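Residue-level structural notes
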Amino acid sequence: MRIAIIGAGIVGVTSAFELARDGHDVTVIEQRSSVAEETSFANAGVVAPGYVTPWAAPGMPAKVLKHLVSRHAPVRLARPLGPSEWRWMWRWWRACRPEVYQANRSRMHQLARYSHERLRGLSQELNLEYEQSRGYMVLLRGSKDLKLARGSLKLLAELGVKFKLIDAEAARRIEPGLNPEAPLHAAVHLPDDEVGNCRQFAHLLRAEAQRLGATFRFQQQVCAIHPGSRPELTVLAAGSPLTETQRESFDGIVVCAAMGSRPLLDELGCRLPMTAVHGYSITAPLRVHEACPELGPMTGVMDERYKVAISRMGSRVRVAGSAELGGRIAQNSDAAIQTLYKVLDDWFPGCAQLGQVQLWKGARPMMPDGPPIIGTSGLEGVWLNLGHGSSGWGLACGSARVLADQLAGKAPAIDPQGLGLARWQGA
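Structural notes, computed from the coordinates. (Residues numbered from 1 in each chain as written. Predicted model: local features only at pLDDT ≥ 70, side-chain atom pairs only at ≥ 80, totals over all residues. Heavy atoms only, no water.)

Pairing between side chains becomes possible if they bear opposite charge and their charged atoms approach one another. In this structure the tally under the stated criterion is 25 salt bridges. With a closest N to O distance of 2.6 Å, Arg 217 and Glu 248 form a salt bridge. A residue pair is termed long-range when its members are at least 10 positions apart, and Arg 217 in strand S8 (residues 215-217) and Glu 248 in strand S11 (residues 246-249) qualify at 31 residues. For the pair shown, Arg 217 and Glu 248 are each scored as buried. The closest approach of N and O atoms between Asp 251 and Arg 230, which form a salt bridge, is 2.4 Å. Here Asp 251, found in the loop between S11 and strand S12 (252-255), pairs with Arg 230, found in the loop between strand S9 (220-226) and strand S10 (232-237); they are 21 residues apart in sequence, far enough to count as distant. By relative accessible area, which is 30% here, Asp 251 ends up partly exposed. (Salt bridge = Lys/Arg side-chain N within 4 Å of Asp/Glu carboxyl O. Helix = DSSP H or I, 4+ residues; strand = E, 2+ residues; numbered from the N terminus. Buried < 20%, exposed > 50% of the residue type's maximum accessible area, 1.4 Å probe, protein only.)

The subject of this paragraph is the sheet that holds S9. Spatial strand order, S9-S10-S11: three strands in an open sheet with antiparallel pairing. Sheet topology places S9 and S11 at the edges, where each strand pairs with a single neighbour. Averaged over neighbouring strand pairs, the angle between their axes works out to 30 degrees when direction is ignored. As defined by bridge partners, S10 adjoins S11 across four bridges and the pair is classed as antiparallel. The partner of Thr 234 across the bridge, within S11, is Arg 247. (Pairing = 2+ DSSP bridges. Axes fitted to C-alpha atoms, helices over the stretch in contact; angles between N-to-C directions.)

Attention shifts here to unusual backbone geometry. Cis geometry marks the peptide bond from Arg 79 to Pro 80, where omega comes out at 0 degrees. By secondary structure assignment, the location of Pro 80 is in the loop between strand S4 (75-78) and helix H3 (83-94). Its identity as a non-glycine residue notwithstanding, Asn 127 has a phi of 55 degrees, on the positive side. Mapped onto the elements, Asn 127 comes out in the loop between helix H4 (98-125) and strand S5 (132-140).

What follows is about empty space enclosed by the protein. Taken as a whole and assessed by the stated rule, the structure comprises one cavity of 30 Å³ or more. What lines the largest cavity is simply Ala 73, Pro 74, Tyr 306, Val 308, Gly 321, Ser 322, Ala 336, Thr 339 and Leu 340. Every element with two or more residues in the lining of the largest cavity is listed here: strand S16 (316-326) and helix H9 (334-347). In terms of residue count, the dominant contributor to the lining of the largest cavity is H9 (three residues). (1 Å grid on protein atoms, 1.4 Å probe; cavity = no way out; pocket = protein on both sides within 12 Å on 5 of 7 lines; lining within 4 Å. Points joined across faces, edges and corners; volume = space filled by probe spheres on them.)

Judged by nonpolar contacts, the single largest core of 47 residues is most densely connected at Phe 201, Phe 216 and Val 254. Among the secondary structure elements, those contributing two or more residues to this core are strand S1 (2-6), helix H1 (10-21), strand S2 (25-29), H4, helix H7 (198-211) and helix H10 (392-407). Counting residues per element, this core draws most heavily on H10, which supplies eight residues. One finds Ala 182, Leu 184, Ala 284 and Ile 337 within the second-largest nonpolar core, a separate group that totals 30 residues. (Core = buried A, V, L, I, M, F, W, Y, C linked by side-chain atoms within 4.5 Å.)

A separate point is the sheet that holds S8. Strand order in the open sheet formed by six strands is S8-S2-S1-S12-S19-S18, and the pairing between neighbours is mixed. Each edge of the open sheet is held by one strand with a lone partner, namely S8 and strand S18 (373-376). Across the sheet, the mean angle separating the axes of adjacent strands is 20 degrees when strand polarity is ignored. Inspection of the sheet shows S1 paired to S12 by four bridges, in the parallel sense. Within S12, the position partnered with Ile 6 by the bridge is Val 255. Relative to S1, H1 is tilted by about 170 degrees, and along the sheet it contacts S1, S2, S8, S12 and strand S19 (382-386). (Contact = heavy atoms within 4.5 Å.)

Along an α-helix, residues three or four apart share an orientation, since each turn contains 3.6 residues. Gly 398 marks where H10 bends most, by close to 30 degrees. Of all 16 residues in H10, 15 are buried, a share of seventy percent or more. After H10 finishes, the residue Gly 409 shows a positive phi value of roughly 80 degrees. (Bend = angle between axes of the 7 residues up to and from the residue.)

Now for the packing of aromatic side chains. A ring pair, where both rings are aromatic, is described by two values, the distance of the centres and the angle of the planes. One pass over the full model with this rule turns up seven aromatic pairs. Arranged with centres 6.0 Å apart and planes meeting at 45 degrees, the rings of Trp 55 and Trp 88 form a pair that is tilted. Placement of the pair is Trp 55 in the loop between strand S3 (46-47) and helix H2 (60-67) and Trp 88 in helix H3, with a sequence separation of 33 residues. Pairing Phe 216 with Phe 218 gives two aromatic rings, centres 6.1 Å apart and planes at 25 degrees, and the pair type is stacked. Grouping residues by exposure puts Phe 216 and Phe 218 together as buried. Following the ring pairs from residue to residue traces out a cluster consisting of Trp 55, Trp 88 and Trp 92. The ring of Phe 216 is capped by Arg 206, whose NZ or CZ atom sits 5.7 Å from the centre of that ring. (Phe/Tyr/Trp six-rings, centres within 6.5 Å; stacked < 30°, edge-to-face > 60°. Lys NZ or Arg CZ within 6 Å of the ring centre and 35° of its normal.)

A word on the pairing of S10. Relative to S10, S9 runs antiparallel, the two sharing six bridges. Bridging across to S10, His 226 finds its partner in Glu 232. Counting the residues in the hairpin turn of S9 and S10 gives five residues, including Gly 228, whose phi is positive at 155 degrees.

Next up on the list: H1. Here H1 spans 16 Å end to end across 12 residues, near enough to the 16 Å set by a 1.5 Å rise per residue. Here H1 lies mainly inside the structure; 11 of its 12 residues are buried. For H1, the full list of buried residues reads Ile 10, Val 11, Gly 12, Val 13, Thr 14, Ser 15, Ala 16, Phe 17, Glu 18, Leu 19 and Ala 20. Backbone geometry just downstream of H1 places Gly 23 in the positive-phi region, at approximately 100 degrees. (Expected span 1.5 Å × (residues − 1).)

Right, here's the structure in full:
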């Protein structure tokens, strides 16, 4: 089959690889100049299946309201908030019911675990060398943080996730660069989780997809989708006048364009309840100090109180966090950025060359109930693989394989129930 993929983020690239590996003639169309240029560009890099969980959880509405008055809030509302954001929040609130949360958490964990296995398998099989390190640790500043984390630890145990609750002394042995003066009550160590450079992986997998015959066309914008037995795309090359669009036919179209998918699908009456939850990161070179080679994290840590991850990316450190609903991609929150600096200084003071910081803000496409949308769109010849929220890196490899199996008419390795669009039809 001749298949077009719209979008070359991590989800689009993994989809292209899996479909090309299955023998399809794959064309990827991306409006940017390369792969992983937007939401996949500078995320935290954490792959921790046990912590892939719906934002819609019992008790979350009260927590969000409390965060709104906090100076270093992990969740923020930004202006403007339009009707679509308010509708999304209403659906999110309804999805916080315990029975809905339990079902969605199980689905997301199943997909995350499968995706982690696929990521490791592909990395080993294809000898993909990108910045990565094994192990991940959640830092609990005080006894109150530990008390709040008890529910999550119980769920980790129920899901069969390998972890160990350790004291501060053991945590500092694993991460010797942790500030000895920072209050640390306990930590959750997950030895099988990891940190990896999502953008580097995307570039390497793109090359593998091209070796299998996939074509990547950059700086081209998809203006419209035309469903049918031979679905078509209207495409415009960068710099060309609107009168010079081209219409191309395929056997199938896969939409992986994150928030760019919404206007294309809205025109067809396929209105997804998906919105952008913005996240931030700062990345800077680590300082080189012969007397103290342990400056910075050895792999990755998460500050549970502020929901900020600090990850090692080769010779750099990346600090990522915040969940900002509303606002615009070009409008930065000074408060959110200052929280990143605060958490880095609390745990690894002086580790980074902050005069060379790279700031990033990404629009993470999130569904109100948590799981992504993988499978048919209900429109003839059009498939979906989007809405992964802040877990795109952790879910991409598994999502791509599930989609490729569905497109081929095969049963995926995991149960795809609850991952499709059907759960939102009529909602």
